[in-house]
Amino acid sequence: MGRMAGRRALLAVPVLAAVTFGVFAVAAASPFDPVKAYAGTAGLTASQENLDQLRANLGVDQPLVTRWWNWLTSALSGDLGDSSVMRQPVADVIGERLGWSVLLAASAFVVAVVLGTGLGVLAARRPGGLLDRCVSSAAYTLEAAPAFWLGLLAIWFFALKLDVLPAGGLTDAASDTVTFGQVATHLVLPAAVLGISQLPWFFLYVRQGVADALDEDLVRGARARGLSERTVLLGHALRSGMLPMLTLIGSRVPELITGALLVETVFSWPGIAAATVQAATSVDFPLLAALTVLATGAVVLGNLLSDLLYAIADPRVGFDG
């Protein structure tokens, strides 16, 4: 396991370096002017000399490679730079928002895995049955439904029509303190929407895996020995059928991140979505690069987690294989 993690860590270094350079290259080719975005309305009446001075202060007058190398060397020493659009250190921008994004993504991931696994097992017990047909049809429909559309639909139904859950934000409008109860209540809709948007893939993988496992000789032998259906299903078929789903975890991390950004925007969740959008439209090089490294690191860790879980679930797969 240690050797596998070490190899992945070494491979991640050039990947992260290439990704950050790509961010700077794309941002440099963007039509958005970071100087005008930083100056705001004052930039409309500022002289060219003042704009050039501001450009030099922000460091955007330097060549692309120089800007990227300066940021990279500073980041390796722990200095992520200052965000021009947020007017504060990049580390503070991420630190204030990352926890809320992780809470939302983790809650949604639990919803997707638990519901997807449970429904997949129940559907696999009777392929072609009423439950299988209904849930499979809903899963294929949800695959084509954008997360932001599901979010707007949830707000309309649960917040506006039924008035049982808040439409967005982190706390109630009249409250100036953050409490566990308010956060939990406001988390229900965005976590459920994001989780349901990811549920179809987990359901379909588990359903197919368990259905195939029920036809294996190992499971037939367990039934022939007189084991209960529950033991056969959960102790044999589910373990074998879960293996394909474990490989899905890493591949769903990018979709989870993208969906979280959309859901955060719809529900005004105070995560990194707003910072990401502002950094992109204002060509905020340091913040863009840091957020990209964060997302890329999450993808790398997700793929590593998939491999580790697969090796743990199937002893035939070695950690160093």
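Note that this is a predicted model, so its numbers are computed, not measured.

Calculation notes
- Residues numbered from 1 in each chain as written.
- Predicted model: local features only at pLDDT ≥ 70, side-chain atom pairs only at ≥ 80, totals over all residues.
- Heavy atoms only, no water.
- Patch = residues over 30% accessible without salt bridge, like charges linked within 9 Å, V, L, I, M, F, W, Y side chains within 5 Å.
- Areas by Shrake-Rupley, 256 points an atom, 1.4 Å probe, with all protein chains shown as cover.
- Salt bridge = Lys/Arg side-chain N within 4 Å of Asp/Glu carboxyl O.
- Helix = DSSP H or I, 4+ residues; strand = E, 2+ residues; numbered from the N terminus.
- Core = buried A, V, L, I, M, F, W, Y, C linked by side-chain atoms within 4.5 Å.
- Buried < 20%, exposed > 50% of the residue type's maximum accessible area, 1.4 Å probe, protein only.
- Contact = heavy atoms within 4.5 Å.
- Lys, Arg positive; Asp, Glu negative; His and termini not counted.
- Charge placed at Lys NZ, Arg CZ, Asp CG, Glu CD.
- Expected span 1.5 Å × (residues − 1).
- Axes fitted to C-alpha atoms, helices over the stretch in contact; angles between N-to-C directions.
- Parallel < 35°, antiparallel > 145°, perpendicular 65-115°, else oblique.
- Left-handed = near helix turned anticlockwise from the far one by under 90°.
- Nonpolar A, V, L, I, M, F, W, Y, C, P; charged D, E, K, R; others polar.
- Phe/Tyr/Trp six-rings, centres within 6.5 Å; stacked < 30°, edge-to-face > 60°.
- pLDDT = per-residue confidence, 0-100.

Asker: Explain a nonpolar patch on the surface here, please?
Answerer: Taken together, Phe-148, Trp-149, Leu-152, Leu-153, Trp-156, Phe-157, Phe-158, Leu-160, Leu-162, Val-164 and Leu-262 make up a surface patch of nonpolar side chains, about 1,100 Å² in accessible area. Broken down by element, the nonpolar patch gets its largest block of residues, eight residues, from helix α7 (residues 147–161). Within the element layout of this structure, Phe-148 appears in helix α7.

Asker: Looking at this model, I keep getting lost on the nonpolar core. Mind explaining?
Answerer: Within the largest apolar cluster, 22 residues are counted, with the highest numbers of intra-cluster contacts made by Leu-104, Val-193, Leu-194, Val-263, Phe-267 and Trp-269. Those elements giving two or more residues to this core turn out to be α5 (90–125), α7, α8 (180–214) and α10 (229–267). Element by element, the count of residues in this core is highest for α8, at six residues. When near neighbours in sequence (up to four residues on either side) are disregarded, Val-193 contacts Ala-147, Leu-150, Gly-151, Ala-154, Val-263 and Phe-267.

Asker: What am I meant to see in a negative patch on the surface here?
Answerer: On the surface, Asp-212, Asp-215, Glu-216 and Asp-217 cluster together into a negatively charged patch. Within the element layout of this structure, Asp-215 appears in the loop between α8 and α9 (217–224). Relative accessible area serves as the criterion here: at 51%, Asp-215 is assigned to the exposed category.

Asker: Please clarify how helix α4 (residues 64–76) should be interpreted in this entry.
Answerer: Owing to its 3.6 residues per turn, the α-helix aligns residues three or four sequence positions apart on the same side. For α4, built from 13 residues, the straight-helix expectation of 18 Å at 1.5 Å per residue is met to within 8% by its first-to-last C-alpha distance of 18 Å. Directly beyond the C-terminal end of α4, a positive phi value near 100° is found at Gly-78.

Asker: So what exactly am I meant to see when it comes to the packing of helix α6 (residues 130–143) against α8 here?
Answerer: Two quantities define a packed helix pair, namely the angle between the helix axes and the distance between the axes. Relative to each other, α6 and α8 sit at 135°, their axes nearing to 8 Å. When the axis of α6 is compared with that of α8, the two are oblique. α8 is crossed by α6, and the crossing has left-handed handedness. Here Asp-132, Val-135, Ser-136, Ala-139, Tyr-140, Leu-142 and Glu-143 of α6 lie close against α8, whose contacting residues are Ile-196, Pro-200, Trp-201, Phe-203, Leu-204 and Arg-207. Taken together, the residues of the contact of α6 with α8 sort by class into nine nonpolar, one polar and three charged.

Asker: It is not clear to me how the packing of aromatic side chains should be interpreted in this structure. Could you clarify?
Answerer: Where two aromatic rings form a pair, the distance of their centres and the angle of their planes describe that pair. Under the defined criterion, the tally for this structure stands at six aromatic pairs. An angle of 55° between the planes, with centres 6.1 Å apart, marks the rings of Trp-68 and Trp-69 as tilted. According to the relative accessible area criterion, Trp-69 is partly exposed, its value standing at 49%. Ring geometry for Trp-100 and Trp-269: centres 6.2 Å apart, planes at 90°, overall edge-to-face. One end of the pair, Trp-100, is in helix α5; the other, Trp-269, is in the loop between α10 and α11 (273–281), and 169 residues separate them in sequence. What makes Trp-269 buried here is its relative accessible area of 4%. One aromatic cluster in this structure is built from Phe-21, Trp-68 and Trp-69.

Asker: Any chance you could explain the confidence of the model for the chain here in plain terms?
Answerer: In low-pLDDT segments, the atomic positions of the prediction should not be examined closely. Per-residue confidence for the chain gives a mean pLDDT of 79, with 83% of residues at or over 70. Looking across the chain, the model is least confident in helix α2 (residues 34–39), with a mean pLDDT of 67, and most confident in α7, with 91.

Asker: Explanation requested: the packing of α7 against α8 in the structure shown.
Answerer: Contact geometry of α7 with α8 gives a least axis separation of 9 Å together with a crossing angle of 140°. With respect to α8, the element α7 is oriented oblique. Between α7 and α8 the crossing geometry is right-handed. Mapping the contact onto sequence places Ala-147, Leu-150, Gly-151, Ala-154 and Phe-158 in α7 and Leu-189, Val-193 and Ser-197 in α8. Per-class residue counts for the contact of α7 with α8 are six nonpolar, two polar and no charged.

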